[in-house]
Amino acid sequence: MITPDFELSQDPDFLTVIIRVPYVRVSELDLFFEGEDFKFYAKPYFLRLTLPGRVVEDGREKASYDTDKGVPAEEEEEEEEEFDWEIEQTLYKEAAEGPVPLQCYYGFGNLRSGVFQRLQDELSDVIDVKDPDQTPTDERKMKRLEAEAAKFDPDHYLADFFEDEAIQHILKYKPWWVDAHKKMMALQGESQNHGSHTLVIFSDEEREQLRKFTNKSYLLDKTSRHLVYLGLIDILLAYCYEIRVNEGDKNVESSWNVRKLSATLCWLECFTSIHDVLVSFGRRVVCYPLYRHFGLVTRAFNDTVMILQLGRAAVLKCLLDIHRIFRESDPAYILNDLFITDYCIWIQKIKSKKLAALSESLQKTTLAKSHLGFELEELEAAAVLVLEEESKLTAAGMVSRQQLPSSESETSDSEESSSTSSSETEGSDSNERESSTAEDGKINPLQGMLQEERTAPLIDCNGLRQGTNALTFEASDEKSKASLQSTSVPGKLIEELEKQMHTAMRLSEQPEGLASASGFALREQEENHVSEPVRFSKVTTGKGDFLEVPSKTNPLLFLCSTNEDED
């Protein structure tokens, strides 16, 4: 807290306390005295005194507030004797004589200075410039441009540029001055004396605000008047943005939006031209708020032109609304004392033709994206090219995905045809291998049996008949077994048949003549096998493979029949 500058005086009847607390809210002033204690509070000032005697309260005490003399509070009280300090406090003293410090001016018409020397800690959240009392105007502008360049976010800007559904909805909103301006334009040709005051209606709250303002006169030179007009445009631009993005409603960010988008309020900027005002506002719109779109800059520009064309009443209504927004925001109330209150008083004495000329000059001023210094057009063009490339790649990917099923079907068809042909080839090869295997398996056992017949011991006729019958039965039995098996094991079947025939043929040995006959029959059989191999039935799904019996006479049966004839 800050100990305010105060004075004490006493006469036989009263104790007078004069406290100087500039730029405070009178509504928040708190005064307390009882017995020996005296307390005064007005943010950020606090004063506590401990009197040596008790104060008599008899109804004659009073307090007054004098803004013209710069004496915020005066208290007259009765006391008996002198007082002492309870705690040590340091009184405010003027700076000692020495080199004249740099005086930087700001506020309405650059009429204020030294305000922030003692309030910098309290107002660090209100303004961005550090130590404004020691920062010249040119240095403020340079630091502002550096801060904006560091704050600019291309990704945020491009996101609002391409995904602008919410922004387009905001742009369609119509504040109260749009309808008022339409009515004014419709009535403009009917009556020259039809003032805009009939189109703007003040509420009871706004009337009460006007009654609280004092009547002041401002002596401004030409340069100061120029600064005041340009500052008014800057503040109205920020206010129009705030009203549009929130669609006329107020929230906790309303105070921040107005003071952050106005370089006059946030950086205590002193503009030299209308174009500089528009460039500053445009840069801050694309750097700081939630919605960073150039369309909001142009729409706020058009709204400000309409407000100025409506005249003093419309401008005053907007300033009263800004005053109420700052009054309800704890750290921003100082901006009312520095700017808004003076604007509300000053605007009531401005001629309508001055505002008409100001709106005409504003309307003639142009603002483009290239003026903001962030290369927005190049950034947007590059982003559009990237999106076009991505769309082309996406389209190519969709076409390839559409062509993929047809190519896959063609590939599957070709694979099926190739697999069918390969299976047929493999089937034919397997058939040939099986037939050759069966042929070899049949010929070689017969040759072995005939060779064994020459050396096997002779058995009687009955034994021979039994062996032959057993051979025939076993062979037929093996044929039936082979019919139940798959053609995938023809070699195993022939081997088993060979073993059975070999066992049967060991039982008897045929005569020499019979052997020669059988040899002749064997040669004939071999010739027949060479010319006509044993055939297996064609493989079909779900069916067995059967050995086809050749039309030639079986040589084994021929041997048996020859033995019977000899008997």
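Calculation notes
- Residues numbered from 1 in each chain as written.
- Predicted model: local features only at pLDDT ≥ 70, side-chain atom pairs only at ≥ 80, totals over all residues.
- Heavy atoms only, no water.
- UniProt positions renumbered as here; feature names shortened; annotations may be inferred.
- Helix = DSSP H or I, 4+ residues; strand = E, 2+ residues; numbered from the N terminus.
- Buried < 20%, exposed > 50% of the residue type's maximum accessible area, 1.4 Å probe, protein only.
- Contact = heavy atoms within 4.5 Å.
- Areas by Shrake-Rupley, 256 points an atom, 1.4 Å probe, with all protein chains shown as cover.
- Pairing = 2+ DSSP bridges.
- Arc of directions from axis to C-beta.
- Expected span 1.5 Å × (residues − 1).
- Patch = residues over 30% accessible without salt bridge, like charges linked within 9 Å, V, L, I, M, F, W, Y side chains within 5 Å.
- Salt bridge = Lys/Arg side-chain N within 4 Å of Asp/Glu carboxyl O.
- Core = buried A, V, L, I, M, F, W, Y, C linked by side-chain atoms within 4.5 Å.
- Phe/Tyr/Trp six-rings, centres within 6.5 Å; stacked < 30°, edge-to-face > 60°.
- Axes fitted to C-alpha atoms, helices over the stretch in contact; angles between N-to-C directions.
- Left-handed = near helix turned anticlockwise from the far one by under 90°.
- Nonpolar A, V, L, I, M, F, W, Y, C, P; charged D, E, K, R; others polar.

The protein chain is annotated in an unreviewed UniProt entry as Protein SHQ1 homolog from Gallus gallus. Quoted verbatim from the Sequence similarities (unreviewed entry) heading of the UniProt record, the comment on the protein chain is "Belongs to the SHQ1 family."

Chemist: What am I meant to see in the overall build of the protein chain here?
Modeler: From N to C terminus, the protein chain includes 18 helices and 7 strands. The burial tally for the protein chain puts 42% of its 567 residues in the buried class. At a minimum sequence separation of 6, the contacts of the protein chain that also span at least 24 residues come to 74%. Here the protein chain displays about 32000 Å² of accessible surface, and carbon together with sulfur accounts for 52% of that area.

Chemist: I would appreciate a short explanation of the pairing of strand 5 (residues 45-50) in the present structure.
Modeler: The pairing of strand 4 (residues 37-42) with strand 5 spans 6 bridges and is classified as antiparallel. When the sheet's bridge partners are listed, Phe40 is paired in strand 5 with Leu47. The turn linking strand 4 back onto strand 5 is made up of 2 residues.

Chemist: Would you mind going over helix 2 (residues 154-162) with me for this structure?
Modeler: Residues three or four positions apart in an α-helix share a direction because the helix packs 3.6 residues into each turn. Tyr157, Leu158 and Asp160 are the residues of helix 2 that are buried. Looking straight down helix 2, one finds its buried side chains confined to an arc of 165°; they lie on one side.

Chemist: I tried to follow helix 13 (residues 352-364) on my own but got confused; where do I start?
Modeler: With 13 residues, helix 13 extends 19 Å between its outermost C-alpha atoms, agreeing within 8% with the 18 Å of an ideal straight helix rising 1.5 Å per residue. Burial in helix 13 covers these residues: Leu355, Leu358, Ser359 and Leu362. Around the axis of helix 13, the buried residues are gathered within 100° of arc, so they sit on the same side. Facing away from the buried side of helix 13, by more than 90 degrees, are the exposed residues Lys353 and Lys364. In this structure, the buried side of helix 13 is in contact with helix 6 (222-245), helix 9 (274-285), helix 10 (294-310), helix 11 (312-327) and helix 12 (333-347).

Chemist: Please clarify how unusual backbone geometry should be interpreted in this entry.
Modeler: Glycine aside, negative phi is the norm for most residues, and most peptide bonds take the trans geometry. Here the amide bond leading from Lys43 into Pro44 is cis, since omega sits at 10°, within 30 degrees of zero. Along the chain, Pro44 turns up in the loop between strand 4 and strand 5. Although it is not a glycine, Asp131 sits at a positive phi angle of roughly 55°. Relative to the assigned elements, Asp131 resides in the loop between strand 7 (71-77) and helix 1 (137-151). In the Ramachandran plot, Glu375 falls in the positive-phi region, its phi being about 55° despite a non-glycine side chain. The topology assignment puts Glu375 in the loop between helix 13 and helix 14 (376-455).

Chemist: Please clarify how a nonpolar patch on the surface should be interpreted in this entry.
Modeler: Together, Phe162, Val384 and Leu387 give the surface a local cluster of nonpolar side chains, amounting to about 220 Å² of exposed area. Here Phe162 is to be found in helix 2.

Chemist: So what exactly am I meant to see when it comes to the side chain of Glu148 here?
Modeler: Among the structural elements, Glu148 can be located in helix 1. Leave out the neighbours within four places in its chain, and Glu148 touches Ser280, Arg283, Arg284, Cys287, Tyr288 and Phe374.

Chemist: Would you take a moment to explain the environment of Cys266 for this structure?
Modeler: Turning to its location among the elements, Cys266 is positioned in helix 8 (residues 263-266). For Cys266, a relative accessible area of 1% puts it in the buried group. For the pair Cys266 and Arg144, spaced 122 residues apart in sequence, the C-alpha separation works out to 9.4 Å. The residues contacting Cys266, other than those within four sequence positions of it, are Val126, Ile127, Asp128, Val129, Arg259, Lys260 and Arg284.

Chemist: I would appreciate a short explanation of the pattern of salt bridges in the present structure.
Modeler: When charged atoms on two side chains of opposite charge get close, those side chains can pair. Using the criterion set out here, one finds 19 salt bridges in the structure. Asp128 is the partner of Arg284 in a salt bridge, and the nearest nitrogen-oxygen pair spans 3.7 Å. Of this pair, Arg284 sits in helix 9 while Asp128 sits in the loop between strand 7 and helix 1; the two residues are 156 residues apart in sequence, bridging distant segments of the chain. Since its relative accessible area comes to 0%, Arg284 is described here as buried. For Asp128, a relative accessible area of 21% gives the class partly exposed. Through salt bridges with shared partners, a single network forms among Asp128, Arg144, Glu148, Lys260, Glu269, Arg283 and Arg284.

Chemist: How should I be thinking about the nonpolar core in this particular structure?
Modeler: Generally speaking, a soluble globular protein has its nonpolar side chains buried in company with each other. Ranked by size, the top nonpolar core spans 93 residues in total, and within it Trp177, Leu232, Val315, Phe326, Tyr343, Trp346 and Ile347 carry the most contacts. Residues in contact with Phe326, not counting those within four places in the same chain, are Arg25, Ser255, Val258, Arg259, Leu265, Ala332, Tyr333, Leu335, Asn336 and Ile340. Ile2, Phe40, Tyr45 and Leu49 belong to the second-largest nonpolar core, a separate cluster that totals 16 residues.

Chemist: Can you walk me through the packing of aromatic side chains in this structure?
Modeler: Each aromatic ring pair is described using two quantities: the centre-to-centre distance and the angle formed by the ring planes. Following the criterion strictly, the structure yields 11 aromatic pairs and no others. When the ring of Trp177 is compared with that of Tyr239, the centres are 6.3 Å apart and the planes differ by 45°; the resulting orientation is tilted. One end of the pair, Trp177, is in helix 4 (residues 176-187); the other, Tyr239, is in helix 6, with 62 residues separating them in the sequence. Seen from their ring centres, Tyr343 and Trp346 are 5.9 Å apart, and the 80° between their planes marks the pair as edge-to-face. Here Trp346 and Tyr343 lie together in helix 12, a separation of 3 residues that amounts to about one turn.

Chemist: Would you mind showing me how to read the packing of helix 7 (residues 254-261) against helix 11 here?
Modeler: When two helices pack together, their arrangement is captured by the angle between the axes and the distance separating the axes. Close contact between helix 7 and helix 11 brings their axes to 9 Å; oriented N to C, the two are set at 115°. Relative to helix 11, helix 7 is oriented so that their crossing is left-handed. Residue-level contacts link Ser254, Ser255, Val258 and Arg259 of helix 7 to Ile322, Ile325 and Phe326 of helix 11. Of the residues that constitute the contact of helix 7 with helix 11, the class distribution is 4 nonpolar, 2 polar and 1 charged.

Chemist: What's the story with the sheet that holds strand 5 in this structure? I'm lost.
Modeler: In a beta sheet, neighbouring strands are held together by backbone hydrogen bonds and run either parallel or antiparallel to one another. A sheet is described by the order of its strands in space; here 3 strands give the open sequence 3-4-5, paired in antiparallel fashion. With one partner strand each, in any of the chains shown, strand 3 (30-34) and strand 5 form the two edges of the open sheet. Across the sheet, the axes of successive neighbouring strands diverge by a mean angle of 5°, strand direction being ignored.

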